[in-house]
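# Breakdown of the fold
The residues making up each chain are set out below.
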Amino acid sequence: MTTTTSAPAELNRRTGDDIDLRKVLLTAAGVLILAVMLFPVYWMVNASLQPSGNTLNADLIPLQPSFDNYVRAISEQGANLVTSLIIALGTVVFSLALAAPASFALAQFRFRWVGVALLAILVSQMIPGIVIANALYSAYEGMGLLNSIPGLILANSTSAIPFAILIMRSFMLGVPSAIIEAARVDGAGLVRSFLWIVVPVSRNAIITAGLFTFLFAWSDFLFALTLTTTDEIRPVTLGIYQYLGTQVQNWGAVMATAVLSATPAIVLLVAAQKYIAAGATGGAVK
Amino acid sequence: MSSLTHAPARAGQASPAPPRRRRKLRGDDIAKILFVLPAGIAMALLFGYPVVKNLTMSLQDYSLQTFFTGEAPWVGLANYVDVVTDPIFGQAMLNTGLFTAGSILFQFVIGLALALFFKQHFPLSATLRGLLLLPWLLPLIVSSATWRAILEQDSGILNRFLGVFGVEPIGWLVSPSIALIAVIGVNIWIGIPFNTTLLYSGLQAIPDELYEAGSLDGATHWKAFRYITWPSLRPVVSVVLILGVVYTLKVLDIILGLTGGGPANATQTLATQSYQRSFVDFEFGHGAALSNILIVISMAFAVVYLRRGRHAADE
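As the structure is a computational prediction, the values presented were derived from the model and not from experiment.

Criteria and cut-off values
- Residues numbered from 1 in each chain as written.
- Chains lettered and ligands numbered in written order.
- Predicted model: local features only at pLDDT ≥ 70, side-chain atom pairs only at ≥ 80, totals over all residues.
- Heavy atoms only, no water.
- Helix = DSSP H or I, 4+ residues; strand = E, 2+ residues; numbered from the N terminus.
- Contact = heavy atoms within 4.5 Å.
- Phe/Tyr/Trp six-rings, centres within 6.5 Å; stacked < 30°, edge-to-face > 60°.
- Buried < 20%, exposed > 50% of the residue type's maximum accessible area, 1.4 Å probe, protein only.
- Lys NZ or Arg CZ within 6 Å of the ring centre and 35° of its normal.
- Salt bridge = Lys/Arg side-chain N within 4 Å of Asp/Glu carboxyl O.
- Polar contact = N/O pair within 3.5 Å; in protein donor to acceptor, adjacent residues only side chain to side chain.
- Nonpolar A, V, L, I, M, F, W, Y, C, P; charged D, E, K, R; others polar.
- Axes fitted to C-alpha atoms, helices over the stretch in contact; angles between N-to-C directions.
- Left-handed = near helix turned anticlockwise from the far one by under 90°.
- Core = buried A, V, L, I, M, F, W, Y, C linked by side-chain atoms within 4.5 Å.

## Structural notes on the overall build of chain A
In terms of regular secondary structure, chain A is built from 14 helices and zero strands. Of the regular secondary structure in chain A, the N- to C-terminal order runs α-α-α-α-α-α-α-α-α-α-α-α-α-α. The long-range fraction of contacts in chain A, counting pairs at least 24 apart against all pairs at least 6 apart in sequence, stands at 71%.

Set out below in structure tokens:
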């Protein structure tokens, strides 16, 4: 409770009014800080609801909200949103399918080179995406993976797999090896004890890793920009970039597309907190 | 990474076992290796290969022609000489330094201030702190588009707001002398939640007893921060700063979305230059050379990070 201001005992005994007033002021300050920090997000939503489509005339509040911009955004970018969704879901499935067993192994098996593997994972986080794009472009060119959804899923997995391993491994370190051994004594193989015990117990960590992986891939812009050369496959991030590339004619449609692209992040922020909070293994060992 | 595949793992943790048991363990070892093998192969192909390929490309004349002729003659260090002697290189280095230092300084100071603020629990503090993460979770290109609308010279809300105070419209993203500052400002906005979150969790880890003991010695407020909070937070601070530097050095999306490196190269960094060489000019050799320079700089910071990590682990 008390932080830098560890109040002397007498202060604690004062009437509750002072304390309450201080807390009310703190909450007010907190709301104000958040309002400033999130103003751009508000402005994005506000601009997307303006009837004119031009921010020049945008009111501070959308008094007469219009959804025309959304109609236009969906007609122009709807297919791209679906492309982004497929790529993001594909990245989640591919990355977790590889990362989950690896996390389990790195957490529970006593391999001698666990330290080396973890170091490689940490270092991989520091490699700029443009390095990957440079090399994958020429490799994809030869393999026919340019302008393809599998190509973008693989590229997005480069950062997703190590990140997912870091999240899931740290959780799986906490899975008591006793419950795994108990299962093996009962005759379950490694694969079965992984699927039946470790995965259910680590559900929250896996969901967390999955949600972040989804966001990574959904937000990807660099690989979409560099590993596509035609209009065939066009994630929505690239759609927004193309809106911005030319002289912006219609800010309303750009902002409506931006709001649609921001939706997963907003939903995650509201929905995922319970998964992060409920990361306890309690009740598994009984 | 390749060491993953040929490292013979031994599960000989248990005391010497009879031969039959050891034989069973061997099969077990293979199963165990199969758990990491797919991820190991993926990492080798998707990370190991690009890093090596980037290295070889930087030593070759690798251009658009290469894709037609299949020929990429070896040119030694010529690509490195070319990119380093290019007049843009100096500006890109300077911009990369200013962008990184400016972003980190303000992200950190504001992030720490907010972390200290939220440490004082008050009604709604957890909710507000959670919502603060939003700028960090948004797709970068969405943030870029939104900020472009806000910073637009003629119609942007920022200039309209400043106009109320009689300020003439400022060309935030189109004036060469201001664009870098504007881009840094947007990146600070994106990075504050990351700094706040990590520093807040660092603050949470400081035992309350330290403050209770400190208050008996008269250490409150600033003194408590100076003598208790800051020393205890030091390990977290160095992690936050070094991760921040490594992440900021490679920022590309935001700059491409806001200015594309312009106006007049005012916001070119090593990352945007590397992109431009490879994917606009199709001089992959030059692009690879630039991105390798970027890796070397990142690695220098990474080594500091890992050293620090080891020290922290030793203590």
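From this point, the discussion proceeds with the structure in view.
## Considering unusual backbone geometry
Negative phi is the rule for most residues except glycine; trans is the rule for most peptide bonds. All names here are of chain B. Geometrically, the link from G262 to P263 is a cis peptide bond, its omega value of -15 degrees lying close to zero. Along the chain, the position of P263 falls in the loop between α13 (253-258) and α14 (270-280). Residues other than glycine seldom take positive phi values, yet L124 does so here, at roughly 75 degrees. As for its placement among the helices and strands, L124 is situated in the loop between α5 (87-119) and α6 (125-131).

## Considerations on the packing of aromatic side chains
For the coordinates displayed, the defined rule picks out 31 aromatic pairs over all chains. Taking the centre distance of 5.6 Å and the plane angle of 25 degrees together, the rings of F39 of chain A and W43 of chain A count as stacked. With a gap of four residues between them, F39 of chain A and W43 of chain A both fall in helix α3 (residues 39-48), about one helical turn apart. Classification of F39 of chain A by relative accessible area gives partly exposed; the value is 30%. By way of ring pairs, the aromatic residues Y137 of chain A together with Y62, F67, Y275, F279, F282 and F284 of chain B are connected into one cluster. Over the face of the ring belonging to F109 of chain A we find K32 of chain B, whose NZ or CZ atom lies 5.0 Å from the ring centre.

## Quick notes on the interface of chain A and chain B
Counting residues at the interface gives 96 residues for chain A, matched by 92 residues for chain B. Taken together, the connections running from chain A to chain B amount to zero salt bridges. The interface formed by chain A and chain B holds eight residue pairs in polar contact (both at pLDDT 80 or more) in total. At 11 residues, helix α6 (residues 129-143) of chain A tops the list of elements feeding residues into the side of chain A that touches chain B. Grouping the constituent residues of the side of chain A that touches chain B by class yields 69 nonpolar, 21 polar and six charged.

## Some words on the packing of α5 of chain B against helix α12 (residues 221-249) of chain B
Residue and element names in this part refer to chain B. Orientation of α5 relative to α12, taken along the N-to-C sense of each, is 145 degrees, at an axis distance of 10 Å. In terms of crossing hand, the pair formed by α5 and α12 is right-handed. Where α5 abuts α12, its residues T96, F99, T100, S103, I104, F108, L112 and L116 lie against F225, T229, W230, L233, V237, V240, L241, G244, V245, T248 and L249. When its residues are assigned to classes, the contact of α5 with α12 shows 13 nonpolar, six polar and no charged.

## Focus: the nonpolar core
M168 and L227 of chain A are the most contacted members of the largest nonpolar core, which totals 172 residues. Considering every element that reaches this core, the biggest residue donor is helix α4 (residues 68-108) of chain A, with 15 residues. If sequence neighbours within four positions are ignored, L227 of chain A has contacts with A133, L136, Y137, Y140, L146, N147, L152 and A155 of chain A. Membership of the second largest hydrophobic core comes to five residues, among which are M126 of chain A together with I242, V246 and A302 of chain B.

Without other data, these values stay purely geometric and don't point to any function.
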